[in-house]
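Structural description and commentary
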Amino acid sequence: MQLPGQLTHRSYGCVLTGSVARVRRTEPGEMPEAEAIRLAQQGDAAAFERLYRLHSRRVYSLCLRMVSNVAEAEDLTQEAFLQLFRKIATFRGESAFSTWLHRLAVNVVLMKLRKKSGNEMSLEQVTEPDEEAGGPRRDFGAPDLTLAGSIDRVNLQRAVEQLPPGYKTVFVLHDVQGYEHNEIAEIMGCSIGNSKSQLHKARVRLRELLHEAVRAKAREERKAAGTASGSSGED
Amino acid sequence: MSTMECNEFMEQLGPWMEGERHGSARAHVQSCPECRSFVTDLEAIQAAAPTLSIADPEPPARVWAVLRNQLVDEGVIREQSGIDWQRDRPRFAGLFTRVPRPALAGAYLTLLVLLGFGLTAPVMQQTQPAPTFALAAELDHAEQTTVSSFDSSKSPVSADLHENLEIVDHYIALCEKSVREEPGNDVAREYLYQAYQQKADLLSMITERGDSNQ
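Not measured: the values here are computed from a predicted model.

Criteria and cut-off values
Residues take numbers from 1 onward in each chain, read along the sequence in its written order. Lettering for chains starts from A, numbering for ligands starts from 1, and both go in the order in which the items are written. Where local features are concerned, this predicted model is filtered to residues with pLDDT of at least 70; where side-chain atom pairs are given and counted, the filter is 80 or more; whole-chain, interface and lining totals use all residues. Helix and strand assignments follow DSSP, with helices taken as H or I runs no shorter than four residues and strands as E runs no shorter than two, numbered in order from the N terminus. Here the C-beta atoms are placed from the backbone, and a residue counts as buried if at least 20 other C-beta atoms lie within 10 Å of its own, exposed if 12 or fewer do, and partly exposed otherwise. Any two residues are considered in contact once their C-beta atoms, placed from the backbone, lie within 7 Å. To define a nonpolar core, we join buried Ala, Val, Leu, Ile, Met, Phe, Trp, Tyr and Cys residues through C-beta atoms within 7 Å and take the resulting set. Residues are grouped as follows: Ala, Val, Leu, Ile, Met, Phe, Trp, Tyr, Cys and Pro are nonpolar; Asp, Glu, Lys and Arg are charged; all remaining types, including Gly, are polar. All axes are obtained by fitting lines to C-alpha atoms, using only the stretch in contact for helices, and the reported angles, taken between N-to-C directions, cover 0 to 180 degrees. An angle counts as roughly parallel when it lies under 35 degrees, as roughly antiparallel when it exceeds 145, as roughly perpendicular when it falls between 65 and 115, and as oblique in every other case. Note: crossing handedness is left-handed where the near helix turns anticlockwise from the far helix by less than a right angle, and right-handed where it turns clockwise. For every residue, the predictor reports its confidence as pLDDT, a number between 0 and 100. By definition, a residue's bend is the angle between the axes fitted to the seven residues ending there and the seven starting there.

1. Side note on the overall build of chain B
Regarding its fold elements, chain B presents 10 helices and 0 strands. Helices (α) and strands (β) of chain B occur, in sequence order from the N terminus, as α-α-α-α-α-α-α-α-α-α. Counting the 214 residues in chain B, one finds 31% classified as buried. Taking all contacts inside chain B whose residues are at least 6 apart in sequence as the whole, residues at least 24 apart take part in 68%.

2. Comments concerning the overall build of chain A
For chain A, the count of helices and strands is 8 helices and 2 strands. Listed by position from the N terminus, the elements making up chain A come as β-β-α-α-α-α-α-α-α-α. Taking all 235 residues of chain A together, the buried fraction comes to 37%. Contacts in chain A between residues at least 24 apart in sequence constitute 66% of all its contacts with a sequence separation of at least 6.

3. Notes on the nonpolar core
Core analysis: the largest hydrophobic core is formed by 65 residues, its most contacted members being Phe48, Cys63, Ala80, Ala105 and Phe171 of chain A. Ranked by residues supplied to this core, first place goes to helix α2 (residues 45–67) of chain A with 12 residues. Once residues within four sequence positions are removed from consideration, Phe48 of chain A is found in contact with Ala40 and Phe85 of chain A together with Leu71 and Ile77 of chain B. Judged by nonpolar contacts, the second largest core, of 16 residues, contains Tyr171, Leu192, Ala195 and Leu203 of chain B.

4. Let's talk about the interface of chain B and chain A
Listed as interface residues are 37 residues of chain B and, on the opposing side, 38 residues of chain A. Partitioned by chemical class, the residues of the side of chain B that touches chain A number 21 nonpolar, 7 polar and 9 charged.

5. What about the packing of helix α4 (residues 97–117) of chain A against helix α7 (residues 181–188) of chain A?
All names here are of chain A. Remark: α4 packs on α7, axes separated minimally by 8 Å, with the N-to-C direction vectors making an angle of 50 degrees. What the angle tells us is that α4 and α7 run oblique. Crossing of α4 over α7 shows right-handed handedness. When α4 is examined against α7, the residues Thr99, His102, Arg103 and Val106 are found in contact with a partner set consisting of Glu183, Glu186, Ile187 and Met188. Across the contact of α4 with α7, the residue classes break down as 3 nonpolar, 2 polar and 3 charged.

6. Quick word on unusual backbone geometry
Not every positive phi belongs to a glycine, and Ser68 of chain A is a case in point at roughly 55 degrees. Relative to the helices and strands, Ser68 of chain A resides in the loop between α2 and α3 (70–86).

7. Quick word on the packing of helix α1 (residues 6–17) of chain B against helix α3 (residues 33–48) of chain B
Residue and element names in this part refer to chain B. Packing of α1 against α3 brings their axes to within 11 Å, and their N-to-C directions diverge by 25 degrees. As summarised for this structure, α1 and α3 are arranged roughly parallel, according to the angle between their axes. Considering the relative orientation of α1 and α3, their crossing is right-handed. Contacts between α1 and α3 involve Cys6, Phe9, Trp16 and Met17 on the former and, on the latter, Glu34, Cys35, Val39 and Leu42.

8. A word on the confidence of the model for chain B
Residue and element names in this part refer to chain B. With 57% of its residues at a pLDDT of at least 70, chain B reaches an overall mean of 70. Low confidence marks residues 81–107, where pLDDT is under 50. Its contacts with residues over four positions away, or in another chain, come to 46 contacts. Note that residues 119–131 has pLDDT below 50 and, in this model, 11 contacts with residues that lie over four places away or in other chains. In the predicted complex, the global pTM is 0.61; the interface-specific ipTM is 0.74.

9. Observations concerning α2 of chain A
All names here are of chain A. The sharpest bend along α2 measures roughly 50 degrees and falls at His55. The buried fraction of α2 is high, at 18 of 23 residues. Looking at the residues trailing α2, positive phi occurs at Ser68, about 55 degrees.

10. Quick notes on the environment of Ala142 of chain B
Note that Ala142 of chain B resides in helix α8 (residues 130–151). As a C-alpha pair, Ala142 of chain B and Ala200 of chain B span 58 residues in sequence and 8.5 Å in three-dimensional space.

11. Describing helix α6 (residues 165–176) of chain A
Most of α6 of chain A sits out of view: 12 of its 12 residues are buried. Of all the residues in α6 of chain A, the buried ones are Pro165, Gly166, Tyr167, Lys168, Thr169, Val170, Phe171, Val172, Leu173, His174, Asp175 and Val176 of chain A.

12. Things to note about the confidence of the model for chain A
Residue and element names in this part refer to chain A. Overall, the predicted model of chain A reaches an average pLDDT of 79, with 74% of residues at or above 70. By mean pLDDT, the top-scoring element of chain A is α3 (95), and the lowest-scoring one is strand β2 (residues 16–17) (30). Ignoring residues within four places in sequence, the model shows residues 1–21, a span with pLDDT below 50, making 37 contacts including any to other chains. Considering only residues more than four positions removed or in separate chains, one finds that residues 129–135, a stretch of pLDDT under 50, has 5 contacts.

Here it is as structure tokens:
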């Protein structure tokens, strides 16, 4: 039976359950998250710091990935925790603490992006309009090129940075941080189906971006090889 | 079993990636190299994604420092000690949010390293407060240098900064007194360390403010 505030974590290579699975491991002698929440609700300074230490890395990573700017990510992390701690007395454990925190963080980030763009953006609007109506585009007629072996952290990160905010948020929460669609729906205030749809479109867009990167690299290599052979011909 | 066309499979690709793999879709993937390649790519992206979080950094220490000050100022965090630290601690957290993020200058880093060393020094040294308090001399020297250069910039926040320097100096004096009275009190030492750190932060901001106004 799944208790309120205790959600199953889809991990990679090991089975973890509970919201703590998403945060730094609690070492023996360290204050457990539930106790830290209880004490923080009473204003205990050490408990606030404990909660911050448990979750700050994930929240900061999410912010950093969303805005790709260290100073802005620091400000957004600070703002998300500030909002969380101001409201902590109202936390009753209906959802996992990390889900609640991530909902605040995502809202803070999207608000920032809205201000930057100078207009209101719904989740749908922060995706790419040309992909809203139909299914994924497919490069029919393109050479049968697979990405196998050509994806590394650097080029994947570059591609993620180019995603529209809505796709990026769902991709980072699901595929990078390991949240389930029901949790993402709660975090983003959308339906589970919407979360699945956004994730699929994000992956398809990433595939396109990664293929573009592979083609660009191949062109550069051909050009470099051509230059080198031209130079050697002159010798 | 009837096989589907590529465009039909593409419409099923989302559910396929969520694990809904019906017979006709399976048959299509097995028979169509292009769709199989598409699926392989998406699976490769999905498999590579968790590696992005491996080297995720921790936020810098200043994020918590500023956050904590803000929470104390708002009364969300209640400090617990024999001394009313919340009442006595410098209340310039608001200033941290008004002035630009400090660019950590070499001098500032040196101060923090010295402060860190002072805090982690062996307990034996606690009975000899002089080495710890010698750090105050370093801070005073840094203050003389940075404040004099800042005054020449005539920044509109100059008065605020001076006022806050006075507050933090008063707080440091209180903390030093407590450490002198109770050299073995770790809480008092921690507060003294934090007071020094806050002064270093403030001087760093002054330095940056001065630089940006030049």
